[in-house]
Amino acid sequence: MAVLEVKNVSFRYGNGPWILKDVSMEVEQGERVVILGPSGYGKSTLAKIIAGYLEPLSGKVLWNNHDLPQNCFCPIQLIYQHPEKALNPRWKMKKSLFEAGEPSEEVLRQIGIQEKWYDRWPNELSGGELQRFCVARVLKPETRLLIADEMTTMLDALNQAHIWNFILEYAEKHGMSIIAITHNKFLAEKLATRIISIPDINHIEANQDDL
Amino acid sequence: MNSRENTLLVVNNLSIGFESYNRDMEKRIIWPISNLSVSLNKGEILAIVGSSGSGKSLLAHAVMDILPDNAKSKGDIFYKKTKLDSQSIVELRGKEIVFIPQSVAFLDPLMEVGKQVCGIMGDAVKNLQEKAFEHFNLKKAVEKYYPFQLSGGMARRVLLSTAMVTDADLIIADEPTPGLDLSMAIEALKDFRELANQGKGVVLITHDIDLAINIADKIAIFYDGRVVETAETKYFKENGDGLKHPYSKALFQALPQNGFHLEKCPECGLSSAVWKVDEKEMRCECGRS
């Protein structure tokens, strides 16, 4: 059974051109769906709508047949491309890491977060190190669907392989579903149980001038 | 041919440091780039590959002499036979050496982009600028736009146009493709190849190793402020055996198309991908060894 249903979602910012038109997709329990496609097709906007950061103008996003639950730890968590923008620059790393409660020991050990990093500021760690904090922060038992929006695009291949190998193992063990957004077809093939090409589900005419 | 004659850019033991003051007002200097050496010949594309935020852009800024005021630099940079310093670069930049910056933030916010693309050459290259805009699918109206009116992809194409209006021999491109759709990115890379085939040189700074493998002749692997290895691109295409440094080998094997493989540290049993890398070795930073 599908845990996530995106039903005929359309969206645009203000009076701008349509970013998403009549987009529908489903994700099943434990499935790893990769959304693949060039920039300008609204991949990131779709991610924000699924995670509940944006409201679709029409259509629906259903989580286990209901609207996304409010007022609790959201079962859908989103990780962005730029970890340095997803962390408060005025918080030390420990505060960001413990923002939504204590992270699991096992996650910290396996993703390779060192305790000596806790007292540092975000600008004192590399992108790969910061992205580990962003991952560890959201991997809670309540997290049932992880959306990784170009999560490792800015990282070197070693950090990319390390973070993904860990998440794949974690997802397998905990039955967590994944939506990964990428433009790298090799990475998509490595991660996915199913690949969706965004131009196939988004019925807009991509306007080259607006990219 | 004499190899000396053929060299376009030589960077020797370049170090770049930043002075800052900590809470107790003690001065400290951090060195994001230390003892970096690379060289580029005519007709070549050299890709400098490293993760973002690792300081690759500083190399380009050092060549162009546009480092911030609190930066110190050591080492030598030669363009052809000229040693570059704050005087000689003024004669060369914008004419013989062009720089394609990483973001629209490098443009003057109060000047129309068409004029900025012409740069110090002014109206003399107006028709070249128009040609470049047409080539990159930018409408005529875009000339009159100010930088804030450009979308990410348009900005990228405007920045690329700056390389087309001069007859520069050396092009330094800092992350030229993000924000472009695939066909436009391929087009831009073809342009670089074309320029190199005309005997010019291109330095391509990127975090995307796939991109480098597709276009460059030589790849310099950048880690922690140093180039650990410069290898011909063909070594990144076969099975990676030709690579010498363990870090470049590990990088090669970690690519999704090459198995997504990571060595585990024999000491701590993890593959946490935090490494101490020196001239010859890379070691896990678990602190047990």
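Since the model is a prediction, treat every value here as computed from it, not as a measurement.

A closer look at the overall build of chain A
A count of helical and extended segments in chain A gives 8 helices and 8 strands. Considering only C-alpha atoms, chain A reaches an extent of 50 × 40 × 35 Å along its principal axes. By the burial criterion, 45% of the 211 residues in chain A qualify as buried. Sequence-distant contacts, at least 24 apart, represent 78% of the contacts inside chain A between residues at least 6 apart.

So, unusual backbone geometry
Across the chain, the bulk of peptide bonds are trans and the bulk of non-glycine residues have phi less than zero. Residues and elements named next belong to chain B. In this model, aspartate 65 sits at a positive phi of 60°, which is unusual for a non-glycine residue. Examined against the element boundaries, aspartate 65 turns out to sit in the loop between α2 (56-64) and β4 (71-79). The phi dihedral of phenylalanine 260 falls on the positive side, at around 60°, and the residue is not glycine. The class of phenylalanine 260 is buried, set by 20 C-beta atoms lying within 10 Å.

Topic: the sheet that holds strand β9 (residues 218-223) of chain B
Residues and elements named next belong to chain B. With respect to topology, 6 strands assemble into an open sheet ordered β6-β7-β8-β3-β9-β10, the strand pairing being mixed. Two strands in the sheet have a free side with no partner beyond their single neighbour: β6 (97-100) and β10 (226-232). Here the strands of the sheet are splayed against their neighbours by 15° on average, with no regard to which way each runs. Relative to strand β8 (residues 201-206), strand β3 (residues 45-49) runs parallel, the two being bridged by 5 bridges. Of the residues in β8, the one forming a bridge with valine 49 is threonine 206. Across the face of the sheet, helix α6 (residues 152-164) comes into contact with β6 and β7 (170-174) while running at roughly 175° to β6.

Re the nonpolar core
Counting residues in each nonpolar core, the largest one holds 139 residues, and the members touching the most others are Ile147 of chain A together with Leu204 of chain B. Take this core: its biggest share by element is 8 residues, from helix α6 (residues 157-174) of chain A.

Some remarks on the interface of chain B and chain A
Think of interface size as the accessible area that goes away when the parts come together; that is how it is often given. Facing 27 residues of chain B, the contacting portion of chain A comprises 25 residues. Secondary structure elements with two or more residues in the side of chain B that touches chain A: α8 (209-215) and α9 (246-253) of chain B. Taken together, the residues of the side of chain B that touches chain A sort by class into 12 nonpolar, 12 polar and 3 charged.

Details of the environment of cysteine 118 of chain B
Residue and element names in this part refer to chain B. Of note, cysteine 118 is situated in helix α4 (residues 113-118). Residues cysteine 118 and serine 161, 43 residues apart in the sequence, show an inter-C-alpha distance of 9.1 Å. Other than its neighbours up to four places away in sequence, cysteine 118 contacts Asp123, Val125, Lys126, Gln129 and Val165.

Observations regarding the confidence of the model for chain B
All names here are of chain B. Averaged over every residue, the pLDDT of chain B is 87; residues scoring 70 or more account for 96%. Per-element confidence in chain B ranges from a low mean pLDDT of 72 for helix α1 (residues 3-6) to a high of 95 for β3. In the predicted complex, the global pTM is 0.82; the interface-specific ipTM is 0.82.

So, helix α1 (residues 43-50) of chain A
All names here are of chain A. Of all the 8 residues making up α1, 6 are buried; the element is thus mostly covered by neighbouring parts of the structure. Taken residue by residue, α1 has Lys43, Thr45, Leu46, Ala47, Ile49 and Ile50 as its buried positions. At the exit of α1 stands glycine 52, carrying a positive phi of roughly 90°.

Details of the pairing of β10 of chain B
All names here are of chain B. Both β9 and β10 contribute to a ladder of 6 bridges, which runs antiparallel. Following the sheet pairing, alanine 220 is matched in β10 by threonine 230. Counting the residues between successive antiparallel strands, the hairpin from β9 to β10 contains 2 residues, one of them, aspartate 224, with a positive phi of roughly 55°.

Cut-offs and rules
Residues numbered from 1 in each chain as written. Chains lettered and ligands numbered in written order. Predicted model: local features only at pLDDT ≥ 70, side-chain atom pairs only at ≥ 80, totals over all residues. Helix = DSSP H or I, 4+ residues; strand = E, 2+ residues; numbered from the N terminus. Buried ≥ 20, exposed ≤ 12 C-beta atoms within 10 Å, placed from the backbone. Contact = placed C-beta atoms within 7 Å. Pairing = 2+ DSSP bridges. Axes fitted to C-alpha atoms, helices over the stretch in contact; angles between N-to-C directions. Core = buried A, V, L, I, M, F, W, Y, C linked by C-beta atoms within 7 Å. Nonpolar A, V, L, I, M, F, W, Y, C, P; charged D, E, K, R; others polar. pLDDT = per-residue confidence, 0-100.

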